[in-house]
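# Analysis of the macromolecular model
Here's the letter readout for the chains.
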Amino acid sequence: MSVESTTTAEILLIGDPVTHSRSPAMHNAALAALGIAARYRAVQTTAAELPDRLAALRQPQFLGANVTLPHKQAVIPLLDEIEPAAARIGAVNTIVRQPDGRLLGVNTDAPGLLADLAAAGWTPVDQEVVILGAAGAARAAAFALADAGVNGITIVNRSLMRAIDLAAAAATNQPALRIRALSLSDPAVTDVIAHCTLLINATALGWHDDETPIPDPPVGAHCLVYDMVYRETALLRAAVGRGARVRDGRGMLVEQGALAFERWTGRPAPREIMWQAAFGVEHGP
């Protein structure tokens, strides 16, 4: 959908909470740089408020929305159409309003993660992956990495049934992939993490203080520890202490945001401007 400079439009960030998000600064800087007369704003939205929030998106002033925790799966029944990749993943982080008011669900988290891993020099060959979490962001990671061709994936989650459900879904049409699910409390988790080459935190643990899904991950120099939380976390500090390579979620935030921006506006996203607006530096590591 293209947007002319004379158009007044709105884009929302829908989640609970949203006050911590860098997305408004990032997207408003991009809109201003391209002369697009639109604004991006974060709107705190509870589960009870979600249906009315989605209904309002059908109004002509809206280009669409981003969706963040905890609504990436809950929005799906409220949409008119889901792109095939998002339907497979079972999570939507971007909504694109169509000219007729219909709402299209898209997932830009999966390609955003792969783009940022590639920027870190990561390739899927011979990779053994552990994903912490089983919600929307974890689903995007599991499907993206399964499709990329990694050797094996282990889903680790507090709720074993949610991990099993995600593992089964990601294994569909992937006959060469070894995938399994473990409860976070399973003693086997320590050994699995010790031997993995990519450990991803796809939980929200890391936003506050020193909370972490794994207090002392048994990783080493053979492992890249990737935290989707876009700050230095206790998990990353512990991984550095053990000699692992680390990367936070800043690059994924910018990449998924850039892909969403392009869907809303029909214009190439100014990634350098977005990065600087979000994090105060010119480009990512």
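This text follows the structure it describes.
Now for a description of the structure that goes with this document. What you see is a predicted model, and the numbers here were worked out from it, not measured in a lab.

### Details of the overall build of the protein chain
Broken down by element type, the protein chain carries 10 helices and 12 strands. Against the compact-globule benchmark of 19 Å for 285 residues, the protein chain has a radius of gyration of 19 Å, which places it among compact chains. Across its three principal axes, the protein chain shows a C-alpha extent of roughly 55 × 40 × 35 Å. Of the roughly 12,000 Å² of accessible surface on the protein chain, 54% is carried by carbon and sulfur atoms.

### Digging into the environment of E255
Tracing the backbone through its elements, the reader meets E255 in helix 9 (residues 250-265). Along the sequence, E255 and R271 sit 16 residues apart, while their C-alpha atoms lie 7.7 Å from each other. Beyond its immediate sequence surroundings of up to four residues, E255 is in contact with G112, A115, D116 and R271.

### Quick word on the layout of surface pockets
The gaps of empty space that remain are located by a probe, the size of a water molecule, rolled over the atoms. Here the largest pocket is characterised by a volume of approximately 960 Å³. Residue lining of the largest pocket: 42 residues in total, with L69, A202, T203, A204 and W207 positioned closest to the centre. Mapped onto the lining of the largest pocket, the elements with two or more residues apiece are strand 3 (62-67), helix 5 (136-148), strand 8 (152-157) and helix 9.

### Thoughts on the side chain of T233
Among the structural elements, T233 can be located in the loop between strand 11 (224-227) and helix 8 (234-241). Within polar-contact distance, the side chain of T233 engages the side chain of D227 at 2.8 Å. The contact partners of T233, leaving out residues within four places of it in the chain, are G206 and D227.

### Looking at a nonpolar patch on the surface
The grouping of L160, M161 and I164 at the surface amounts to a nonpolar patch, some 260 Å² of accessible area in total. Mapping I164 onto the fold places it in helix 6 (residues 160-170). Classification of I164 by relative accessible area gives partly exposed; the value is 34%.

### With respect to the pattern of salt bridges
Using the criterion set out here, one finds 14 salt bridges in the structure. A salt bridge links D80 to R58; its shortest N-O distance comes to 2.5 Å. Within this pair, whereas D80 is found in the loop between strand 3 and strand 4 (81-82), its partner R58 is found in the loop between helix 2 (50-56) and strand 3, the two being separated by 22 residues in sequence. The class of D80 is partly exposed, set by a relative accessible area of 31%. A residue is classified by how much of its surface remains accessible, and R58, at 30% relative accessible area, is partly exposed. Where R271 meets E255, a salt bridge forms, and the shortest distance between an N and an O atom there is 3.3 Å. Placement of R271 in helix 10 (residues 271-279) and of E255 in helix 9 is noted, with a sequence separation of 16 residues between them. Relative accessible area serves as the criterion here: at 29%, R271 is assigned to the partly exposed category. Sharing partners across several salt bridges, the network here consists of E10, R39 and R41.

### Re the packing of helix 9 against helix 10
Two numbers describe a pair of packed helices, the interaxial angle and the distance between the axes. With their axes 10 Å apart at the nearest point, helix 9 and helix 10 run at an angle of 130° to one another. Accordingly, the angle class assigned to the pair helix 9 and helix 10 is oblique. As for the relative orientation of helix 9 and helix 10, their crossing is right-handed in sense. Residues R250, G251, L253, V254, E255, G257, A258, L259 and E262 of helix 9 form the contact with helix 10, whose own contacting residues are R271, M274, W275 and F279.

### Details of the nonpolar core
Core analysis: the biggest nonpolar cluster contains 34 residues, and I131, L145, I153, I155, L198, I200 and M228 have the highest contact counts within it. Contributing elements (two or more residues each) for this core: helix 4 (109-119), strand 7 (128-132), helix 5, strand 8, helix 6, strand 10 (198-201) and strand 11. Top element by residues in this core is helix 5. It accounts for 9 residues. The residues contacting M228, other than those within four sequence positions of it, are L113, A137, A141, I200, N201, A202, G249 and M252. Judged by nonpolar contacts, the second largest core, of 26 residues, contains A38, V96, Y230 and L253.

Conventions adopted
- Each chain carries its own residue numbering, running from 1 in the direction its sequence is written.
- Under the rules for a predicted model, residues below a pLDDT of 70 receive no local features and side-chain atom pairs below 80 are neither given nor counted, while totals for whole chains, interfaces and linings still include all residues.
- To obtain the side-chain values, all non-hydrogen atoms of the structure were used and water was disregarded.
- The way it works is that DSSP assigns letters per residue, a run of H or I at least four long becomes a helix, a run of E at least two long becomes a strand, and they are numbered from the N terminus.
- Throughout, radius of gyration means the C-alpha value; the globule benchmark is 2.2 Å times the number of residues raised to the power 0.38.
- Accessible surface area values rest on a Shrake-Rupley calculation with a 1.4 Å probe, where residue burial reflects the displayed protein chains alone.
- By definition in these notes, contact holds between two residues if any of their heavy atoms fall within 4.5 Å.
- A cavity, in this analysis, means grid points on a 1 Å lattice covering only the protein atoms where a 1.4 Å probe fits yet has no way out; a pocket is instead an open set bounded by protein on both sides within 12 Å along at least five of seven lines, and a residue lines either one if it has an atom within 4 Å of a point.
- Grid points are joined across faces, edges and corners, and a volume is the space filled by probe spheres set on the points.
- A 3.5 Å cut-off defines polar contacts: any pair of N or O atoms within that distance qualifies, except that in protein one atom must be a possible hydrogen donor and the other a possible acceptor, and neighbouring residues in sequence count only when both atoms are side-chain atoms.
- In this scheme, patches are assembled from residues that exceed 30% relative accessible area and form no salt bridge. Like charges are connected within 9 Å, while nonpolar side chains (Val, Leu, Ile, Met, Phe, Trp, Tyr) are connected within 5 Å.
- Salt bridges, as used here, are contacts in which a Lys or Arg side-chain nitrogen is within 4 Å of a carboxyl oxygen on Asp or Glu.
- Relative accessibility decides the category of a residue: with a 1.4 Å probe and only protein chains considered, values under 20% of the type maximum give buried, values over 50% give exposed, and everything between is partly exposed.
- Between N-to-C directions, angles span 0 to 180 degrees; the directions come from axes that are lines fitted to C-alpha atoms, helices contributing only their stretch in contact.
- Any angle that is under 35 degrees is reported as roughly parallel, and any over 145 degrees as roughly antiparallel; angles of 65 to 115 degrees are reported as roughly perpendicular and all others as oblique.
- Helix crossings are classified by the rotation of the near helix relative to the far one: an anticlockwise turn of less than a right angle makes the crossing left-handed, while a clockwise turn makes it right-handed.
- Among buried residues, the Ala, Val, Leu, Ile, Met, Phe, Trp, Tyr and Cys ones that are joined through side-chain atoms within 4.5 Å form a nonpolar core.

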